[in-house]
Each structure stands twice: as structure tokens, then as C-alpha cells.
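Single-letter residue listing:
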Amino acid sequence: MSRIGKQPVALPSGVTATVSGQTVEVKGPKGTRAWTATDEVTITQEDGVIRITPRGSSKRARQQWGMSRTNVANLVQGVTEGFKKELEVRGVGYRAQAQGNTLKLNLGLSHDVDFPIPQGVTVTTPKPTEIIVEGNNEQLVGEVAAKIRDWRRPEPYKGKGIRYKGEYIFQKEGKKK
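Below: a short report on this structure. The shown structure was predicted, so the numbers you read here are calculated from the model rather than taken from an experiment.

Thresholds applied
Residues numbered from 1 in each chain as written. Predicted model: local features only at pLDDT ≥ 70, side-chain atom pairs only at ≥ 80, totals over all residues. Heavy atoms only, no water. Helix = DSSP H or I, 4+ residues; strand = E, 2+ residues; numbered from the N terminus. Expected span 1.5 Å × (residues − 1). Buried < 20%, exposed > 50% of the residue type's maximum accessible area, 1.4 Å probe, protein only. Salt bridge = Lys/Arg side-chain N within 4 Å of Asp/Glu carboxyl O. Contact = heavy atoms within 4.5 Å. Polar contact = N/O pair within 3.5 Å; in protein donor to acceptor, adjacent residues only side chain to side chain. Pairing = 2+ DSSP bridges. Axes fitted to C-alpha atoms, helices over the stretch in contact; angles between N-to-C directions. Core = buried A, V, L, I, M, F, W, Y, C linked by side-chain atoms within 4.5 Å.

This part covers helix H1 (residues 59-80). Residues that lie three or four places apart on an α-helix share one face, since the helix turns once every 3.6 residues. Over its 22 residues, H1 extends 33 Å from the first C-alpha to the last, a length consistent with the 32 Å expected when each residue adds 1.5 Å. What H1 keeps buried is the set Ala61, Gln64, Trp65, Gly66, Ser68, Arg69, Val72, Asn74, Leu75, Val76, Gly78 and Val79. A positive backbone phi angle near 85° is found at Gly82, which sits one or two residues after H1.

Structure (C-alpha cells):
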């Protein structure tokens, strides 16, 4: 049995969910999100909780059971609290600045990088060396943060680049003299 799948997803106050067939639509203070499950699981709503059960005992049904429950829980968390990724910019002269729908990055390249911010995500820069990516879609927030980080990944000798807040970069020893 799936330890994750058998737990019901509780709906906090201020959040409403509608289940129609395989589609779950959740409305909350941070917006509306919808997700469609595969045919291997059954979704039911009762007494302020959403339950997911597998149809049959095939391997695919058991795989989809836990994943479907996690996706529904992410919908609920996204419309109540939202998701957030924090990035740090390290390096001499490296900085970031949010300007409308673009993020301007100075990363030691011969040109400035203008990163377009997709719809559904907000990017703020409280300091020139901090980037905060927020939204109600966990996958989109993580993807945008990873694309920003890919412009200048942290290098192992000096640690310069864009890293997640709290990420540890293993420092290598330089050349011996």
C-alpha cells in the first residue's frame, strides 16, 4: 500500500474544491488551480477532504496513486500558501534587478542577461544579490528558478555564480605552487 496515497488531503478553511470525473479544481486566496488525473485512480470528495484510491492492483495504478495524491496536495498548498524559491548571486560585480516582466542579470558576461518572467510567477529582488521566485504552481516556480540558476551555475573553485539559498558548494583546492 502507498503510505502517501492512503492519506486524505485536508481542505483548509477558505479553500473550495470541486471534483468532476478525473479533474480536480481548487480555489483559494492565491488563485485557482486545476489538475486532471489518469484513469488508474478514483478521486472522491467528502467531509472537507479529498481521497484518492487506485482502480485495481496493477503496478501502474499503484504508481499513480501516490503521485496523484501529491499533485492534489500541491494544488491545495499552492492556492493557500504558494511556493517560493530563494536564490543567491555571488561574485564580484554580479547582481540582479527585477524590472517589470524581465529580470536583468549582470553575471560577468560580455552582455547583460534579460530573463523574461513567465505568466503565473513573480520574481522579486529585495537586494541586488537575492532573487525570490514565488507562485502557486510548484513545477513552474522550480523550473524558473532552475533556468535562472543555469545562466551562471556556482563554480567549485571560488563559489561564484547563482545558487539556491542554503545550498552548499564543495570547494576544490586550486593549483599547488
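It is worth spelling out the pattern of salt bridges at this point. Applying the stated criterion to the full structure yields twelve salt bridges. Of the charged contacts in the structure, one is a salt bridge between Lys165 and Glu130, with a shortest N-O distance of 3.9 Å. Remark: Glu130 occurs in strand S12 (residues 130-135) and Lys165 occurs in the segment after strand S13 (161-164); sequence separation between them is 35 residues. A salt bridge links Glu143 to Lys147; its shortest N-O distance comes to 3.4 Å. Of the two residues, Glu143 and Lys147 both sit in helix H2 (residues 138-150), four residues apart, roughly one turn of that helix. One network of salt bridges, in which partners are shared, links Lys84, Glu86, Lys127, Glu130 and Lys165.

A separate point is the environment of Gly159. Structurally, Gly159 can be placed in the loop between H2 and S13. The sequence separation of Gly159 and Phe170 amounts to eleven residues, and the corresponding C-alpha distance is 8.4 Å. Among residues more than four places away in sequence, those in contact with Gly159 are Arg90 and Gln171.

Turning our attention to the side chain of Asn136. Along the polypeptide, Asn136 turns up in the loop between S12 and H2. Judged by its relative accessible area of 17%, Asn136 falls in the buried class. Engagement of the side chain of Asn136 in a polar contact is seen with the backbone oxygen of Lys30, the distance being 3.3 Å. In this structure Asn136 touches Lys30, Gly31, Arg33, Gly78, Gly82, Phe83 and Gly120, once residues within four positions along its chain are discounted.

Let us now look at the sheet that holds strand S6 (residues 49-54). Taken together, three strands build an open sheet; the order of strands is S1-S6-S5 and the sheet is antiparallel. Of all the strands in the sheet, just strand S1 (9-10) and strand S5 (41-46) have a single pairing partner and so form its edges. Alignment of S5 against S6, held across six bridges, turns out to be antiparallel. By the bridge assignment for S6, Gln45 is matched with Ile50. On the sheet, H1 packs against S1, S5 and S6 and is oriented at approximately 165° with respect to S6.

Leu103, Leu105, Ile131, Val133 and Ile148 are the most contacted members of the largest nonpolar core, which totals 20 residues. Mapped by element, the contributors of at least two residues to this core are strand S7 (83-90), strand S9 (102-106), strand S10 (113-116), strand S11 (121-124), S12 and H2. Counting residues per element, this core draws most heavily on H2, at four residues. When neighbours within four sequence positions are excluded, Ile131 is seen to be in contact with Lys85, Glu86, Leu87, Val89, Ala96, Leu103, Leu105, Val123, Thr124, Thr125 and Ile148. In this structure, Val26, Ile43, Trp65 and Leu75 belong to the second largest nonpolar core, which totals 17 residues.

Moving on to the sheet that holds strand S3 (residues 23-28). Across the sheet, three strands lie side by side as S2-S3-S4; this open sheet has antiparallel pairing. Each having just a single partner strand, strand S2 (16-20) and strand S4 (31-36) make up the two edges of the open sheet. Neighbour to neighbour, the strand axes of the sheet diverge by 15° on average, direction disregarded. Across the sheet, H1 is in contact with S3 and S4; its angle to S4 comes to roughly 170°.

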